Amino acid sequence: HALGFRCNPFRVLTDDEWTDIAVLPGAVESVVTAGFVHLQVLGALGRGKTTTLLGLAARFRQDGKRVAYEYLPEGQSQFHTSLSGLDIFLLDETQRLSRSERDRLLSAAQTLPKVCNLREGLQLVLSSHDDLTPLFAQHGQSLTTVHLDEAATPEHLSAALARRLSYFALDKNAPGVILTPDAVRYLHETFGGNLRAMQYFLYEIFQRLKRKGAITEEHLRAEAAQLLTSN
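All values reported here derive from a predicted model rather than from experimental measurement.

## Here we look at the packing of aromatic side chains
Next, step 1: Enumeration according to the criterion identifies six aromatic pairs in this entry.
Next, step 2: With a centroid separation of 5.5 Å and 40° between ring planes, the pair formed by Phe191 and Phe201 is classed as tilted. Taken together, the residues Phe191 in helix 8 (residues 181-191) and Phe201 in helix 9 (residues 195-208) connect sequence positions ten residues apart. For the residue pair Phe191 and Phe201, the accessibility class agrees, reading buried in each case.
Next, step 3: Grouped by ring-pair contacts, the aromatic residues Phe5, Phe10 and Phe206 constitute a single cluster.
Next, step 4: Its guanidinium or amino end placed over the ring of Phe79, Arg104 lies 3.9 Å from that ring's centre, counting from NZ or CZ.
Next, step 5: Geometry around Tyr167 places Lys172 over its ring, the cationic atom sitting 5.2 Å from the centre.

Dropping the structure here:
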């Protein structure tokens, strides 16, 4: 509270909080604007796949779509969501599905015949570590791909960090602590698209912070050196 926040803004978030603060990468925004049949978001651990899917789910619901989201935890190879009546199904960590479950998912998503030049049927939005393009090709389905590592730009990072600080600030219009442009560049150069590792680092930075103001690249470098020494 002394820093002007309800809590450490880089603590672990709930799904609802992730949905509220999600800033979609420009590459994802472009795909949504252009339209797609099915979409896969690819990225290694910590690249923001879950955040992207939750943000998309909120976006589609605002557009009046009937949407369901499901996360597949490690060790689970089946999805349990009923697809009946859905417009869009978002499945997180799709690479964990068994072969038979992948076939079941694609069979349910077969696009219905064109009616008045409009394509109707269930749309899939998937996150995965594995490229599912061959699977969709086997089922005659069109699949658009976004690689989150390539989508991780300094501009997107700056917007995502600003949204997170504002969300947890006691005064949302004037957070007590901000990150300078050089600090954002340092974070992007250091962590790239590994948003999870960046979150852990910034959590420690805010735990050690003593006063309000701007966090600069110099401050982050000094803190990183101390954290490395203490570990």
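Resuming the write-up.
## Observations concerning the pattern of salt bridges
Next, step 1: One pass over the full model with this rule turns up seven salt bridges.
Next, step 2: The partner of Arg59 in a salt bridge is Glu29, with the nearest N and O atoms 3.0 Å apart. With Arg59 in helix 3 (residues 49-62) and Glu29 in helix 2 (residues 26-34), this pair connects stretches of sequence that are 30 residues apart.
Next, step 3: Ionic pairing is found between Glu217 and Arg221, a salt bridge with its closest N-O pair at 2.9 Å. With a gap of four residues between them, Glu217 and Arg221 both fall in helix 10 (residues 217-230), about one helical turn apart.
Next, step 4: We classify Arg221 as partly exposed; its relative accessible area is 45%.

Analysis parameters
- Residues numbered from 1 in each chain as written.
- Predicted model: local features only at pLDDT ≥ 70, side-chain atom pairs only at ≥ 80, totals over all residues.
- Heavy atoms only, no water.
- Phe/Tyr/Trp six-rings, centres within 6.5 Å; stacked < 30°, edge-to-face > 60°.
- Helix = DSSP H or I, 4+ residues; strand = E, 2+ residues; numbered from the N terminus.
- Buried < 20%, exposed > 50% of the residue type's maximum accessible area, 1.4 Å probe, protein only.
- Lys NZ or Arg CZ within 6 Å of the ring centre and 35° of its normal.
- Salt bridge = Lys/Arg side-chain N within 4 Å of Asp/Glu carboxyl O.

The values are spatial; any link to function lies outside them.
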